[in-house]
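# Summary of the model geometry
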Amino acid sequence: MADNAEILSGLAEIVEEVAGIDAGDVAAEKSFVDDLDIDSLSMVEIAVQAEDKFGVKIPDEQLAELKTVGDAVDYIAKNQ
Amino acid sequence: MTGAPVEVVVTGYGATTPLGGDAASTWEALLAGKSGVGTTQGAFTERFDLPVKISAQLAVEPTDVIARVQARRMDRCEQVAVVAAREAWAHAGLDGDEPKVEPERLAVCVGTGIGGAVTLLDQDDLLEGGGVRKVSPLTVPMLMPNGPAAVVSLELGARAGTHAPVSACASGAEALAWAYRLLQDGDADVVIAGGAEACITGITVAGFVQSRTLSQRNDDPERASRPFDTDRDGFVLGEGAGILVLERAEFARARGATIHGRLAGYGLTSDGYHITGPDPSGAGQSRAMLKAVKTAGLEPSDITHVNCHATSTVAGDVGEAAAVRKALGDQPVLTAPKSALGHLVGAAGAVESLVTMLSIRDGIVPATLNLENLDPGVSLDVVRGEPRKMDIDAAMNNSFGFGGHNASVVFTKV
């Protein structure tokens, strides 16, 4: 079980790999769309990689609710 | 001289080919008589026991030029289109912070023969291995044949229309013809036009092998592509992209652009004869050449140089030479750049049109490599040995494709 800090850093690595955003800029309060400029196609890739990395399921309707990096970290923490 | 109401000029160009990562290095290598053909590098050559082990692969990997995150969203054929388009855009002086052309007056015509075959194969492997979750959400935009045109349009912000002619090995030349029409019709001031291809992989090589069209001279790759030579045994598959910036002359002059050449006319016809073989009468090819001459406002005797499609197949080369003679007469001096570049399929017509235009501009025609014994069926003068200096007012590029597509374009001196 990863703690929130570990989840954040793991998620940041995925975001950097998929979208080229420096992992250091992937902070909890950042919005995927508005702040990080990540499109819906990249969000699908990020979700699939996060599922594999943290052993969670992220259904599409849930993915749409994950507006910020912090939302995603909280969801993963609760469901891993 | 131009027969059309709107004068269409070339103000910039770019390329990435087996001879070089840009247009200048490609042109220099062509004039130096270098070959871009070698033993194929890639895992598929070991995975399948293919009888053809040679190809003309890129001199510079597109992923060395394009940022990683942008590159991973594009198929290889889209990557080469972007590399060539960026070069052409900057070469035409259209880059910089201030827009030189309104996006609504900027169009794109970039063709391909095959499109994203590599993506289709890679993603199919992922589907087989890991199921639907492993398949990239970018699969369709990466494999679609309008992908190269679309990524160029995105890169440059073109909003006057984005088009993707798909006519096999004629695609690159047909893209120039479409661009010419767009400019004639007043739909754009500037068109980014050309072709892109990057499909050297197991299934394409196997498919061409089974259609008996590839050279099997594995032990001597640089001598495998030998258009018009009596010992030719097929073409060599290549990859790359070529892009021309075509522009209304009035617009180009007003912005002070350097003009490198004029696209004076085009002819497009179809054989309606056979899915792969050209009509042996050459009628469709001759008609394309004559239409190109006519739209250029010229006479057939004005064409003194033809940059041939000539791929190094047994049937194709002699047929084309006969069709040239029938349409244009005995005066054109021929060359066959596929002897050095290999066959770039959907990019061939664009890269070779660029070569044609540079031959006019610089007054020099590159030699056809490996032409040791001219096929007795060819009665025209083919440049071989050394490049030939000659003053050219009007020259033609021919590109023909599986499906019976014939595309001829005429360039003239400015």
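Residues numbered from 1 in each chain as written. Chains lettered and ligands numbered in written order. Predicted model: local features only at pLDDT ≥ 70, side-chain atom pairs only at ≥ 80, totals over all residues.

Just so we agree on the cut-off: UniProt positions are given in the numbering used here, feature names are shortened, and annotations may be inferred rather than shown by experiment.
Per an unreviewed UniProt entry, chain A goes by Acyl carrier protein and derives from Pseudonocardia sulfidoxydans NBRC 16205. Of chain A, the UniProt comment under Function (unreviewed entry) reads exactly: "Carrier of the growing fatty acid chain in fatty acid biosynthesis." UniProt lists a comment for chain A under the heading Pathway (unreviewed entry), and it reads "Lipid metabolism; fatty acid biosynthesis."

## Description of the overall build of chain B
Under the convention used in this document: Here a strand is any run of E in DSSP of at least two residues, a helix any run of H or I of at least four, and the numbering for each starts at the N terminus. With C-alpha atoms as the basis for the radius of gyration, the globule rule is written as 2.2 Å multiplied by the number of residues raised to the power 0.38. Partly exposed residues are those whose C-beta has more than 12 but fewer than 20 other C-beta atoms within 10 Å; 20 or more makes a residue buried and 12 or fewer makes it exposed, with C-beta atoms placed from the backbone. By definition, residue pairs are in contact when their C-beta atoms, positioned from the backbone, come within 7 Å.
Looking only at helices and strands, one finds 14 helices and 14 strands in chain B. A compact globule built from 414 residues would reach a C-alpha radius of gyration of about 22 Å, and chain B, at 20 Å, matches this within 12%. Along the longest, intermediate and shortest principal axes, the C-alpha atoms of chain B span 60 × 55 × 40 Å. Residue burial in chain B is summarised as follows: out of 414 residues, 59% are buried. At a minimum sequence separation of 6, the contacts of chain B that also span at least 24 residues come to 80%.

## Some words on the UniProt feature "modified residue: O-(pantetheine 4'-phosphoryl)serine" (unreviewed entry) in chain A
Residue and element names in this part refer to chain A. When the UniProt feature table is mapped onto this chain, "modified residue: O-(pantetheine 4'-phosphoryl)serine" (unreviewed entry) is found at Ser40. Assignment of secondary structure puts Ser40 in helix H2 (residues 40-54). C-beta crowding within 10 Å serves as the criterion here: with 11 such atoms nearby, Ser40 is assigned to the exposed category.

## Considerations on unusual backbone geometry
In this structure, Asp37 of chain A is a non-glycine residue whose phi angle is positive, near 60 degrees. A tally of 11 C-beta atoms within 10 Å means that Asp37 of chain A is categorised as exposed. Despite not being glycine, Arg212 of chain B has its phi angle at roughly 60 degrees, a positive value. Here Arg212 of chain B lies in the loop between helix H9 (202-210) and strand E7 (240-248).

## Description of helix H1 (residues 4-19) of chain A
Residue pairs three or four apart in sequence face the same way in an α-helix, which turns once every 3.6 residues. Worth spelling out the cut-off: An expected span of 1.5 Å times one less than the residue number is assigned to each helix. Note that the arc is computed from the directions linking the helix axis to the C-beta atoms.
The end-to-end C-alpha distance of H1 of chain A, which contains 16 residues, comes to 22 Å, matching closely the 22 Å that a straight helix rising 1.5 Å per residue would cover. When we look at burial in H1 of chain A, the residues that qualify are Ile7, Leu8, Leu11, Ala12, Ile14, Val15, Val18 and Ala19 of chain A. All buried residues of H1 of chain A project into a common sector of 165 degrees when viewed along the axis, lining one side. Buried residues along H1 of chain A sit in contact with H2 and helix H4 (69-79) of chain A together with helix H3 (68-71) of chain B. Just past H1 of chain A, the residue Gly20 of chain A takes up positive phi, approximately 75 degrees.

## Concerning the confidence of the model for chain B
This is how it is decided: Values of pLDDT, the confidence the predictor places in each residue, fall between 0 and 100.
Overall, the predicted model of chain B reaches an average pLDDT of 96, with 99% of residues at or above 70. If you check the scores for this complex, the pTM reads 0.95 and the ipTM reads 0.87.

## Looking at the interface of chain B and chain A
Threshold: Residue classes follow a fixed rule: Ala, Val, Leu, Ile, Met, Phe, Trp, Tyr, Cys and Pro count as nonpolar, while Asp, Glu, Lys and Arg count as charged, and any other residue, Gly among them, counts as polar.
On the chain A side, the residues contacting the seven residues of chain B number six residues. Taken together, the residues of the side of chain B that touches chain A sort by class into four nonpolar, one polar and two charged.

## Observations concerning the sheet that holds strand E10 (residues 333-335) of chain B
Residues and elements named next belong to chain B. Our working rule: Between any two strands, at least two bridges found by DSSP are needed for them to pair. Lines fitted to C-alpha atoms define the axes here, with helix axes fitted over just the stretch in contact, and angles between the N-to-C directions of these axes take values from 0 to 180 degrees.
Here 10 strands make up an open sheet; going across it, the order is E5-E4-E6-E7-E1-E8-E14-E13-E9-E10 and the pairing mixed. In this open sheet, the two edge strands, each paired with only one partner strand, are strand E5 (162-163) and E10. In this structure, strand E4 (residues 106-111) lies alongside E5, joined through two bridges in parallel fashion. Paired with Cys109 across the two strands is His163, which belongs to E5. Taken strand by strand, helix H7 (residues 147-156) contacts E4, E5 and strand E6 (190-197), and its axis lies near 150 degrees from that of E4.

## Let's talk about the packing of helix H4 (residues 76-91) of chain B against H7 of chain B
Residue and element names in this part refer to chain B. The following threshold applies: Any angle that is under 35 degrees is reported as roughly parallel, and any over 145 degrees as roughly antiparallel; angles of 65 to 115 degrees are reported as roughly perpendicular and all others as oblique. Crossing handedness is read from the near helix: turned anticlockwise from the far helix by less than a right angle, it gives a left-handed crossing, and turned clockwise, a right-handed one.
Running from N to C, H4 and H7 cross one another at 40 degrees; their axes reach a closest spacing of 8 Å. As far as their axial angle goes, H7 and H4 are oblique. Crossing geometry of H4 relative to H7 is assigned as right-handed. Contact residues: H4 offers Cys77, Glu78, Ala81, Val82, Ala85, Arg86 and Trp89, while H7 offers Gly147, Pro148, Val151, Val152, Glu155 and Leu156. For the contact of H4 with H7, the per-class residue count stands at nine nonpolar, one polar and three charged.

## Thoughts on the pairing of E7 of chain B
Residues and elements named next belong to chain B. Within E7, nine of the nine residues are buried, leaving the element largely enclosed by the surrounding structure. Because side chains alternate across E7, one face comprises the buried residues Gly240, Gly242, Leu244, Leu246 and Arg248, and the other comprises Ala241, Ile243, Val245 and Glu247, equally buried. The sheet contact formed by E6 and E7 spans eight bridges and is antiparallel. By the bridge assignment, Ile192 is partnered in E7 with Val245.

## Observations regarding the packing of helix H11 (residues 283-295) of chain B against helix H12 (residues 314-328) of chain B
All names here are of chain B. Where H11 contacts H12, the axes come no closer than 8 Å and their chain directions differ by 45 degrees. On the basis of their axis angle, the class for H11 and H12 is oblique. In terms of crossing hand, the pair formed by H11 and H12 is right-handed. In this structure, H11 uses Gln285, Ser286, Met289 and Leu290 to contact H12, whose residues at the interface are Glu320, Ala323, Val324, Lys326, Ala327 and Leu328. For the contact of H11 with H12, a count of residues per class yields six nonpolar, two polar and two charged.

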